[in-house]
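Structural overview for review
Each chain is listed here by its residues.
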There are 2 protein chains.
Amino acid sequence: MDQFVSKDEAAPGSATQRAYLALRALIVAGEIRPGEKLKIDGLRQRLATGASPIREALSLLTSDNLVERIDQRGFRAAEVSAANFQEILRLRSTLEDQALRESIARGDQAWEEALVLAHHRMQRAQEQGGDGFEPLHKAFHMALLAAAAAPILLKFCSQLYDLNIRYRFLAGRGRDYQSRDVTEEHGAILAAAVDRQADTASALLLAHYTRTGSYLAGLLDDGALG
Amino acid sequence: MDQFVSKDEAAPGSATQRAYLALRALIVAGEIRPGEKLKIDGLRQRLATGASPIREALSLLTSDNLVERIDQRGFRAAEVSAANFQEILRLRSTLEDQALRESIARGDQAWEEALVLAHHRMQRAQEQGGDGFEPLHKAFHMALLAAAAAPILLKFCSQLYDLNIRYRFLAGRGRDYQSRDVTEEHGAILAAAVDRQADTASALLLAHYTRTGSYLAGLLDDGALG
DNA sequence: CGCGCGGAAAATATCGACTTTTCCACGCGG
DNA sequence: CCGCGTGGAAAAGTCGATATTTTCCGCGCG
């Protein structure tokens, strides 16, 4: 029994890993509000584990820019601001442009197929009411870049994705995010990528981000943010 | 006494911070070889502290791409490779170009003065035998970018600097690094930055990196690396 | 009435020991 | 002679407790 341990909770080996994933999910989803104090003891109870895994997980999240460490005063969820949001958007554009171009240039057939598959799964989840949509959405975006032989770059992109999506959740649980025509946008990006039209794909992707960005900026101005 | 705590060892508050800085220095300086196993107990002795700060420091270093975590098998110093080195160089060029341009565009007089000061100190250290040169070299490079209002970007640049300089140490303790005309290059970059000539400054900076990169790649091919 | 000082309460950071997992070498069986 | 399974040692991971630091609140002094 190796992969057959998913009884109630996914149990990836170490308690640290579990705590890391759980906390990241809580922060990204906005269940832990920006600036909120992260008390070790509280989290210890909430996640049913010891203090060491919690501390380690928080350290990891610190380097992901999702948690801030205050010298001898513990941890808190990262603050949000319009400037921070803009920076994330800008960095993401720069880095994903580069990653996407390299991915398209180097991608083989296996990449292409994995990409189509990721897109299909995402579409499927969306049509069926959005259950489990979020992880698949991220999977699709990362699948676009996956063929780039640049581990650090991909890691940065993954981090920035999480930071960015956090704002979407904060803007209102992603309510009617899908109301905009993201479906079509995703489809167009997929098509361009599969056709190896790097310029087109990149332009579409950046437009996708810029548009989502303005959309969110509008929502954020309405009080969800200082 | 805020900045006056450098008696024997820098003693910044927490044991975690101390362990983090010490380990990072060891890895960057190459005293811990790439791929080397990082045994908790060994480090515990070496740094005279408990296991918790060590683990936490290693977690932080993991996110800096200086340490790799192996699921239930502990930690090891990050491996090195030509591909990894190339990626660092490439990313650094992209990100520092952007950061430098924004820094030059936004920098005020205080920034200019801090920059000149950082350069002077670095020069001074180099002339006097290179004592404490490394931290000042990093300080100068970061001072160039400091006026960019982009904390995440600057953090990435700082990380990439460390990753990059690690290769220089591995290539032979930075032996005759200064034999190349870095002094003049630094001076030219400083001048261009102070004169707010973004294009020139950026071009010089990238050339600086590219040149250092080829230089190191040459050294690394000679067996210091697989 | 406001400011600053002290002491109590809480939270963090750190340590030392326990539990679980992994690694390595030895010996048995094919 | 080589592969496989077993057993012991070592290391990682985790837990609970302790000590140190910070924070908060009320009291007295200016």
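Below is a summary of the structure that appears in this document. (Residues numbered from 1 in each chain as written. Chains lettered and ligands numbered in written order. Predicted model: local features only at pLDDT ≥ 70, side-chain atom pairs only at ≥ 80, totals over all residues. Heavy atoms only, no water.)

**Quick notes on the protein's contact with DNA strand C**
In the neighbourhood of DNA strand C, 19 residues make up the surrounding shell, with Arg55(A), Ala15(B), Thr16(B), Gly50(B) and Arg73(B) lying closest. The sugar-phosphate portion of DNA strand C accounts for 86% of its atoms within 4 Å of the protein, the bases making up the rest. Backbone polar atom of Ala15(B) to a phosphate oxygen of DNA strand C: 2.3 Å apart, as the coordinates give it. Among the residues forming the surface near DNA strand C, the class breakdown is 5 nonpolar, 8 polar and 6 charged. (Near = heavy atom within 4 Å. Polar contact = N/O pair within 3.5 Å; in protein donor to acceptor, adjacent residues only side chain to side chain. Nonpolar A, V, L, I, M, F, W, Y, C, P; charged D, E, K, R; others polar.)

**Concerning the side chain of Thr62(A)**
For Thr62(A), the location among the structural elements is in helix H3 (residues 51–63). Thr62(A) sits in the buried class, given a relative accessible area of 16%. A polar side-chain atom of Thr62(A) sits 2.8 Å from the main-chain carbonyl oxygen of Leu58(A). Not counting residues up to four positions away in its chain, the partners in contact with Thr62(A) are Val67(A), Arg69(A), Phe75(A) and Lys155(B). (Helix = DSSP H or I, 4+ residues; strand = E, 2+ residues; numbered from the N terminus. Buried < 20%, exposed > 50% of the residue type's maximum accessible area, 1.4 Å probe, protein only. Contact = heavy atoms within 4.5 Å.)

**Side note on the protein's contact with DNA strand D**
Around DNA strand D there are 18 residues in total, and Ala15(A), Thr16(A), Gly50(A), Arg73(A) and Arg55(B) lie nearest to it. Each atom of DNA strand D within 4 Å of the protein was classed as base or backbone; sugar and phosphate made up 87%. In this structure, a phosphate oxygen belonging to DNA strand D sits 3.1 Å away from a main-chain N or O atom of Asp71(B). Counting only elements with at least two residues in the surface near DNA strand D, the list comes to helix H1 (15–28) and H3 of chain A together with strand S1 (37–38) and strand S3 (74–77) of chain B.

**Topic: the relation of the copies chain A and chain B**
Between chain A and chain B, the superposition needs a rotation of 180° and an axial shift of 0.0 Å, giving an RMSD of 0.0 Å. Taken together, the rotation angle and the small translation identify this as a two-fold axis. Comparing interface residues between copies, 100% of those in chain A also sit at the interface in chain B, which points to an isologous, same-surface contact. (Least-squares fit on C-alpha atoms with pLDDT ≥ 70 in both.)

**Regarding the pairing of strand S2 (residues 67–70) of chain A**
On a regular strand, one side chain projects to one face of the sheet and the next to the other, so that they alternate. Residue and element names in this part refer to chain A. Note that S2 and strand S3 (residues 74–77) share 4 bridges and pair antiparallel. Bridging across to S3, Val67 finds its partner in Ala77. Where S2 hands over to S3, the hairpin turn is made up of 3 residues, counted between the paired strands. (Pairing = 2+ DSSP bridges.)

**Comments concerning H3(A)**
Residues and elements named next belong to chain A. Here H3 spans 19 Å end to end across 13 residues, near enough to the 18 Å set by a 1.5 Å rise per residue. Among the 13 residues in H3, 10 count as buried, and that is most of the element. The complete set of buried residues in H3 reads Pro53, Ile54, Glu56, Ala57, Leu58, Ser59, Leu60, Leu61, Thr62 and Ser63. One or two positions beyond H3, positive phi appears at Asn65, with a value near 65°. (Expected span 1.5 Å × (residues − 1).)

**Quick look at the packing of H1(A) against helix H7 (residues 151–170) of chain A**
Residues and elements named next belong to chain A. One can describe the packing of H1 onto H7 by two numbers: an axis separation of 8 Å at closest approach and a directional angle of 45°. Regarding the angle of H1 to H7, the classification is oblique. Mapping the contact onto sequence places Arg24, Ile27 and Val28 in H1 and Asp162, Ile165, Arg166 and Phe169 in H7. Residue classes in the contact of H1 with H7 are distributed as 4 nonpolar, no polar and 3 charged. (Axes fitted to C-alpha atoms, helices over the stretch in contact; angles between N-to-C directions. Parallel < 35°, antiparallel > 145°, perpendicular 65-115°, else oblique.)

**Quick notes on the side chain of Ser63(B)**
Residue placement: Ser63(B) occurs in helix H3 (residues 51–63). Residue class for Ser63(B) comes out buried when judged on its relative accessible area of 6%. Not counting the four nearest positions on each side in its chain, Ser63(B) is found in contact with Leu60(A), Ser63(A), Lys155(A) and Gln159(B).

**Considering the pattern of salt bridges**
Taken as a whole and judged by the stated rule, the model has 24 salt bridges over all chains. A salt bridge links Lys138(A) to Asp162(A); its shortest N-O distance comes to 3.1 Å. Separated by 24 residues along the polypeptide, Lys138(A) in helix H6 (residues 133–145) and Asp162(A) in helix H7 bring together distant segments of the chain. Take Lys138(A): its relative accessible area is 17%, and that puts it in the buried class. The exposure class of Asp162(A) is buried, given its relative accessible area of 10%. As a salt-bridge pair, Arg92(B) and Glu96(B) come within 3.2 Å of each other at their nearest N and O atoms. One end of the pair, Arg92(B), and the other, Glu96(B), are both in helix H4 (residues 82–106), 4 residues apart, so they sit about a helical turn from each other. For Arg92(B), a relative accessible area of 3% corresponds to the buried category. The network of salt bridges with shared partners includes Arg24(A), Lys138(A) and Asp162(A). (Salt bridge = Lys/Arg side-chain N within 4 Å of Asp/Glu carboxyl O.)

Everything listed here is a matter of geometry and, on its own, says nothing about what the molecule does.
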